Amino acid sequence: MKKIRTVIIGMGRMGVTRYEAMMRHGGFEIVAVCDTNEKLLAGYDAKKYLEWKSCIEEVKPEVVIVCTFNRVIPDIVCYALEKKIVVFSEKPPGRTLQDAERMRDVQKQTGTVLKFGFNHRMHNSVIEAKALIDSGLLGDVVCIRGVYGKAGNPNFIKEWRNNPELSGGGILLDQGIHMLDLMCYLTDSDAHVLGSKVDNLVWKDLQTEDSAFAMLETDKGQLLSLHSNAIQWRHKFDMDIICTSGYVALNGLLTSTRSYGVESITYYKKDLETRTGRLGKPREYTMCFDEDCSWALEMAEFYDAVVKGKEIKNGLPEEAVRVMRLIDAVYRDGERRYECN
Ligand SMILES: NC(=O)c1ccc[n+]([C@@H]2O[C@H](COP(=O)([O-])OP(=O)(O)OC[C@H]3O[C@@H](n4cnc5c(N)ncnc54)[C@H](O)[C@@H]3O)[C@@H](O)[C@H]2O)c1
């Protein structure tokens, strides 16, 4: 297996997650790790850097993996692409729509591979849902309701994620982005915002929103509703997908902490003739999953694009711009402006 010379910039939670996924994959040689926090670089058998530009300049890697705070993502991504180094970057694609457009444009100009980490698409329940919807068994998707909620924590106000200068937004940009991306992915459509309410319902001192309600309509006329929040006081991931001839529910999400509960997909077919004799209680089928393959599948897709020239189907720069356009519209409609300098 060809090994590609790789550096990871940002060795916090996601840097470690990506490192482990790449080591398991076997096709990546991690030649350097970089973080402004020196303590996080201990224990790796790789060159260590505190400054990302010198890391890229000196190591001259084939691949850069970006797992930093959102503010630095666009600069690192564009810098690497301009040097014809392929890039895998965490979501969100920067802090603003303009950041995402800038990265998309540089990728277009250079023709260098760029993939963003929208790993939720690679969760088993979502893979099953996509296959089920695309099979046509349940008819056409009519509407999707989604709730993605977080518990918060005692240090929540101080987290970089809630410092708009570093993050660009709150829970919607951090977490809701995954659900918006999934809604576009599952309906295979772009959307526009019908209305939104972006607020601080409980965390009044938080600089970013703790709650974003949004109502959207896809280009095919399907309705989408989202509540992305940090006031759920537990971790919650739920999506209801109503189709012309049936229904799909995604409940829970398998993560390392297992705090989102058991990941499952449930579906049933419309049965108004009550062939099963159970009006209002159709026969349901549920699958549960005990493995999170999302990190492995993402890295495999990225590796195959870099080494084998295969097409990237998930996390494309244009998809990143699409979801950032929706987030921008939700914030605008919700009269929420974050200054990003
Ligand atoms: N795909 C997912 O589901 C998912 C989940 C969590 C986080 N993320 C994303 O991953 C990114 C990192 O989040 P995290 O949870 O790992 O945060 P984290 O705070 O654990 O790690 C971020 C690291 O980046 C480092 N860093 C910041 N600026 C830097 C710079 N200029 N040069 C080098 N290092 C720098 C920080 O010191 C920190 O160690 C964010 O963009 C976040 O949105 C994605």
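Figured I'd write up the structure that's included with this text. (Residues numbered from 1 in each chain as written. Predicted model: local features only at pLDDT ≥ 70, side-chain atom pairs only at ≥ 80, totals over all residues. Heavy atoms only, no water.)

**Describing the overall build of the protein chain**
Right, on to step 1. Check the secondary structure of the protein chain and you find nine helices and 14 strands.
Right, on to step 2. The globule rule puts the C-alpha radius of gyration for 341 residues at 20 Å, and the 20 Å found for the protein chain is close to it.
Right, on to step 3. Principal axes of the C-alpha set define a box for the protein chain whose edges measure 70 × 50 × 40 Å.
Right, on to step 4. Expressed as a percentage of contacts within the protein chain between residues at least 6 apart in sequence, the contacts between residues at least 24 apart total 70%.
Right, on to step 5. Of the roughly 15,300 Å² of accessible surface on the protein chain, 50% is carried by carbon and sulfur atoms.
Right, on to step 6. Charge-centre separation for the protein chain: the mean point of 46 positive side chains lies 2 Å from the mean point of 49 negative side chains. (Helix = DSSP H or I, 4+ residues; strand = E, 2+ residues; numbered from the N terminus. Rg over C-alpha atoms; globule rule 2.2 N^0.38 Å. Contact = heavy atoms within 4.5 Å. Areas by Shrake-Rupley, 256 points an atom, 1.4 Å probe, with all protein chains shown as cover. Lys, Arg positive; Asp, Glu negative; His and termini not counted. Charge placed at Lys NZ, Arg CZ, Asp CG, Glu CD.)

**Examining the pairing of strand β10 (residues 223-229)**
Right, on to step 1. For β10, a buried count of five out of seven residues is recorded, marking the element as mostly surrounded by other parts of the structure.
Right, on to step 2. Pairing geometry for strand β7 (residues 141-149) and β10, over seven bridges, is parallel. Along β10, the bridge assignment pairs Tyr148 with Ser228.
Right, on to step 3. Examined bridge by bridge, strand β9 (residues 211-218) and β10 share seven bridges and lie antiparallel to one another. Looking at the pairing, Met215 lines up with Ser225 of β10. (Buried < 20%, exposed > 50% of the residue type's maximum accessible area, 1.4 Å probe, protein only. Pairing = 2+ DSSP bridges.)

**Focus: the site of the ligand**
Right, on to step 1. Met14, Asp35, Asn70, Trp160 and Arg161 are the nearest of the 26 residues found near the ligand.
Right, on to step 2. The separation between an oxygen atom of the ligand and a polar main-chain atom of Lys91 is 3.0 Å.
Right, on to step 3. Note that an oxygen atom of the ligand is positioned 2.4 Å from one of the side-chain N or O atoms of Arg161.
Right, on to step 4. Bound to the protein, the ligand loses 88% of the 840 Å² it would expose on its own.
Right, on to step 5. At the level of elements, α1 (13-25) and α7 (171-187) are the ones that each hand at least two residues to the shell around the ligand.
Right, on to step 6. Classifying every residue of the shell around the ligand gives eleven nonpolar, nine polar and six charged.
Right, on to step 7. Taken domain by domain, the makeup of the shell around the ligand includes at least three residues from each of domain 1 (4-119 + 296-315) and domain 2 (120-290 + 323-333). (Near = heavy atom within 4 Å. Polar contact = N/O pair within 3.5 Å; in protein donor to acceptor, adjacent residues only side chain to side chain. Nonpolar A, V, L, I, M, F, W, Y, C, P; charged D, E, K, R; others polar. Domains from an automatic or database assignment.)

**Notes on a nonpolar patch on the surface**
Right, on to step 1. On the surface, a nonpolar cluster with roughly 390 Å² of combined accessible area is contributed by Leu201, Val202, Phe213 and Trp233.
Right, on to step 2. Along the chain, Val202 falls in the loop between β8 (191-199) and β9. (Patch = residues over 30% accessible without salt bridge, like charges linked within 9 Å, V, L, I, M, F, W, Y side chains within 5 Å. Salt bridge = Lys/Arg side-chain N within 4 Å of Asp/Glu carboxyl O.)

**Re the state of the cysteines**
Right, on to step 1. Across all of its chains, the model carries zero disulfides by this definition.
Right, on to step 2. Free of any disulfide, Cys184 has its nearest neighbouring cysteine sulfur in Cys143, separated by 15 Å.
Right, on to step 3. Its sulfur unpaired, Cys293 is 15 Å from the next cysteine sulfur, which belongs to Cys288. (Disulfide = S-S within 2.5 Å.)

**Overview of the packing of helix α3 (residues 73-82) against helix α4 (residues 97-110)**
Right, on to step 1. In contact at an axis separation of 9 Å, α3 and α4 are set at 5 degrees when each is read in the N-to-C sense. In terms of orientation, α3 lies roughly parallel with respect to α4. Only Asp99, Arg102, Met103, Val106, Gln107 and Thr110 of α4 make contact with α3, whose side of the interface consists of Ile73, Pro74, Asp75, Val77, Cys78, Leu81 and Glu82. (Axes fitted to C-alpha atoms, helices over the stretch in contact; angles between N-to-C directions. Parallel < 35°, antiparallel > 145°, perpendicular 65-115°, else oblique.)

The quantities given are spatial measurements derived from coordinates; they are silent on function.
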